Amino acid sequence: MRKRFICILLMLLIFSQPVFASDLSTGNCIKVAVIDTGISTRAIDAEHIAEGYNYISDNNDTEDKIGHGTAIAGIIAGSSYAVLSEMVNDVKLVPLVIQTIDESGKVQIGDTEMIAHAIRDAIDIYGCRVINLSIGTTKESKLLREAVEYAEEKNAVIISSVGNKNVKNPDSLYYPAAYPTVIGVGAVNKNGRVSSFSQRNKSLMLVAPGERIWTVSKSGKALLTSGTSFAAAFVSAAAAALIHTCPELTAAEVRSILCESATDILEPGYDMGSGWGILNLEACLNRE
């Protein structure tokens, strides 16, 4: 038991280092869609950001005016640099904006139809095999469900956060994480314990570092943050690495490997507190 938690702690420490745009490696392209608030080119070098789209403004301006998408992008790209540099030579991030701030300073948020549209475009237009959705809605949507099913048909892996409302609304289910083919991700702290804010329900498939995580702000400075959004980004990085090593894997096989290689921490096997356990990158990539 003690050895297991030491391994968990070491993994969390590795995953919690500050990352910066200059740390991104170059080489073979791995495309990851970041359906979020955009990505700041002040934080992530523009050469590592692929062309995307702003569905709110209906144009190609994907600069991040809020910061959430940039923080997600920093974790995905930074994780690949810090841990997977020999296996993943490059991560191309595709910013698909479904939330931003307009000229009056008002936050504009896309509906489920827009999110569904972005999922399909991530696959059909931008060629992404991994889609990170660190967002969620409590309203089930036919269009969103069909977009998720389409992603499964096309072998695109969707990773989504399960939500941060466990303390006040423990019964809340968030979509798309709650769909069975989506990897719903919760958060753990540096000691490998499930975060108090992380939802505990059937939407949960894995947990990953999600408390006091170092990433980057939209201004390019180091940012310390917490939430299941950021835990999901770690799993997206791992999925990209796995697909890079074995491009022929189906989306179902990627999910299976990530879950089977996870470090079990609560009840044996699956439980609604920690899913299949903590993301274990080394075990995932070194499977037999």
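As the structure is a prediction and not an experimental result, all values here were calculated from the model.

### Things to note about the overall build of the protein
Then, in step 1: When you go through the protein residue by residue, the secondary structure sums to seven helices and 11 strands.
Then, in step 2: A buried classification covers 57% of the 288 residues belonging to the protein.

### Topic: the packing of aromatic side chains
Then, in step 1: Across all of its chains, the model carries three aromatic pairs by this definition.
Then, in step 2: Seen in terms of ring centroids, Tyr 175 and Tyr 179 are 5.0 Å apart; in terms of plane orientation they differ by 50 degrees. Their pairing is tilted.
Then, in step 3: Here the basic side chain of Arg 120 rests over the ring of Tyr 150, its NZ or CZ set 4.8 Å away from the ring centre.

### Comments concerning the nonpolar core
Then, in step 1: Counting 52 residues, the largest nonpolar core has Ile 76, Leu 93, Ile 159, Ile 183, Val 235 and Leu 258 as its most contacted members.
Then, in step 2: Looking at this core element by element, the count peaks at 13 residues for helix 5 (residues 228-245).
Then, in step 3: Ala 50, Ile 119, Tyr 126 and Ile 135 belong to the second-largest nonpolar core, a separate cluster that totals 30 residues.

### Points about the pairing of strand 10 (residues 213-216)
Then, in step 1: By the bridge criterion, four bridges tie strand 10 to strand 11 (residues 222-225) in an arrangement that is antiparallel. Bridge pairing in strand 11 places Val 216 opposite Ala 222.
Then, in step 2: Taking the residues that link successive antiparallel strands as the turn, the strand 10-strand 11 hairpin has five residues, and the phi of Gly 220 there is positive, at about 95 degrees.

### As for the pattern of salt bridges
Then, in step 1: Within the structure shown, the criterion is met by four salt bridges.
Then, in step 2: A salt bridge links Lys 142 to Glu 146, with the nearest nitrogen and oxygen atoms 2.5 Å apart. On the criterion of helical spacing, the pair formed by Lys 142 and Glu 146 is a turn pair, its members being four residues apart in helix 4 (residues 142-153).
Then, in step 3: Of the charged contacts, one joins Glu 152 and Arg 255 as a salt bridge, the two residues approaching to 2.8 Å between their closest N and O atoms. Linking Glu 152 in helix 4 with Arg 255 in helix 6 (residues 251-260), this pair joins segments that are 103 residues apart in sequence.

### Side note on the sheet that holds strand 9 (residues 206-209)
Then, in step 1: Taken in spatial order, the seven strands make up an open sheet running 2-3-1-6-7-8-9, and their pairing is parallel. Unpaired on one side and paired on the other, strand 2 (53-54) and strand 9 mark the two borders of the sheet.
Then, in step 2: Here six bridges tie strand 1 (residues 31-36) to strand 3 (residues 92-97), and the two strands are oriented parallel to one another. Opposite Lys 31, over in strand 3, you have Lys 92 as the bridge partner.
Then, in step 3: Helix 3 (residues 112-124) contacts strand 1, strand 3, strand 6 (130-133) and strand 7 (157-161) of the sheet and is inclined by roughly 155 degrees relative to strand 6.

### Topic: the confidence of the model for the protein
Then, in step 1: Confidence in the prediction of the protein, expressed as mean pLDDT, is 87, and 85% of residues score 70 or more.
Then, in step 2: Within the model, the stretch residues 1-27 combines pLDDT values under 50 with 59 contacts to residues more than four positions away or in other chains.
Then, in step 3: pLDDT under 50 marks residues 79-88. Its contacts with residues more than four places away, or in other chains, come to 25 contacts.

### Some points on the environment of Ser 195
Then, in step 1: Its place among the elements puts Ser 195 in the loop between strand 8 (183-188) and strand 9.
Then, in step 2: As for Ser 195 and Thr 228, which are separated by 33 residues in sequence, their C-alpha atoms are 8.9 Å apart.
Then, in step 3: Once residues within four sequence positions are removed from consideration, Ser 195 is found in contact with Ala 187, Val 188, Asn 189, Arg 200 and Glu 211.

### What to know about the pairing of strand 7
Then, in step 1: In terms of residue burial, strand 7 counts as a mostly covered element, since five of its five residues are buried.
Then, in step 2: The alternating pattern of strand 7 places Val 157, Ile 159 and Ser 161 on one face and Ile 158 and Ser 160 on the opposite face, and all of these are buried.
Then, in step 3: With four bridges joining them, strand 6 and strand 7 adopt parallel strand pairing. What sits directly across from Ile 131, in strand 7, is Ile 158.

Parameters and conventions
Residues numbered from 1 in each chain as written. Predicted model: local features only at pLDDT ≥ 70, side-chain atom pairs only at ≥ 80, totals over all residues. Heavy atoms only, no water. Helix = DSSP H or I, 4+ residues; strand = E, 2+ residues; numbered from the N terminus. Buried < 20%, exposed > 50% of the residue type's maximum accessible area, 1.4 Å probe, protein only. Phe/Tyr/Trp six-rings, centres within 6.5 Å; stacked < 30°, edge-to-face > 60°. Lys NZ or Arg CZ within 6 Å of the ring centre and 35° of its normal. Core = buried A, V, L, I, M, F, W, Y, C linked by side-chain atoms within 4.5 Å. Pairing = 2+ DSSP bridges. Salt bridge = Lys/Arg side-chain N within 4 Å of Asp/Glu carboxyl O. Contact = heavy atoms within 4.5 Å. Axes fitted to C-alpha atoms, helices over the stretch in contact; angles between N-to-C directions. pLDDT = per-residue confidence, 0-100.

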